[in-house]
Amino acid sequence: MIRRLLPLAALGLAVLTGCSSQTSLSRTALDQALSQGVAPELIYVVDLLGYKLAEGPSYGGAEGFMAVYSTPDGRQAILSIEHGTSEEARCIGAPAKPTEPLETSVSCERDEVGWYRTGGGRHEYMVIRDDHIIRLMGEIGDVDRAALKEAVAGARRVIADGSPTP
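Residues numbered from 1 in each chain as written. Predicted model: local features only at pLDDT ≥ 70, side-chain atom pairs only at ≥ 80, totals over all residues. Heavy atoms only, no water.

(A) Structural context of the overall build of the protein. From N to C terminus, the protein includes three helices and eleven strands. Helices (α) and strands (β) of the protein occur, in sequence order from the N terminus, as β-β-α-β-β-β-β-α-β-β-β-β-α-β. In the protein, buried positions account for 45% of the 166 residues. Counting only contacts in the protein whose residues sit at least 6 apart along the sequence, the fraction spanning at least 24 positions is 54%. (Helix = DSSP H or I, 4+ residues; strand = E, 2+ residues; numbered from the N terminus. Buried < 20%, exposed > 50% of the residue type's maximum accessible area, 1.4 Å probe, protein only. Contact = heavy atoms within 4.5 Å.)

Structure, rendered in structure tokens:
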């Protein structure tokens, strides 16, 4: 899915941080995502300790959503959401990096949150909600497993019916 996501030009100020310190998309960024064909039910945000939703996140292609979270020192984590429900097949059958060949070794481990995957110097947590797959990934040295797990477990929808959540 990430291969199909189309990067967009900078969106200006794309994030707002509310009083509760939960990160959310600005109305401008949300409108941009929807205009690129992102399905409203696939737009999520996470809270990842030490990371902020990057300005100008990427959206696009085949209704999927992707956002980049970063730290002041340049570490990154990528949130992606796409339609689908087959946990095990997606865990074992997909490369750890979108640019890697399918033959690249990937390990998968199931726990109470979802699937933890590693391969090619990257790791991710993958969970299934309703009819879609939520992934949060990063370089192994950039973000630890516990942080990925906590953030993806708390992933929340930005909009459900075309309007922003409070």
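Alright, that's what it looks like, and here's the rest.
(B) Spatial organisation of the sheet that holds strand 6 (residues 76-83). What the seven strands build is an open sheet, ordered 4-5-6-10-9-8-7; its pairing is antiparallel. Two strands in the sheet have a free side with no partner beyond their single neighbour: strand 4 (52-53) and strand 7 (107-110). As defined by bridge partners, strand 4 adjoins strand 5 (residues 65-70) across two bridges and the pair is classed as antiparallel. Following the sheet pairing, lysine 52 is matched in strand 5 by serine 70. Of the strands in this sheet, strand 7, strand 8 (115-119), strand 9 (122-129) and strand 10 (132-139) touch helix 3 (residues 145-153), which is tilted by about 20 degrees from strand 9. (Pairing = 2+ DSSP bridges. Axes fitted to C-alpha atoms, helices over the stretch in contact; angles between N-to-C directions.)

(C) Inspection of helix 3 at higher detail. When helix 3 is considered as a whole, its buried residues turn out to be Leu148, Ala151 and Val152. The arc that holds the buried residues of helix 3, viewed along the axis, is 95 degrees, so those residues lie on one side. Among the exposed residues of helix 3, those oriented more than 90 degrees off its buried face are Ala146 and Glu150. Where the residues of helix 3 are buried, they touch strand 9 and strand 10. (Arc of directions from axis to C-beta.)

None of this, on its own, says anything about what the molecule does.
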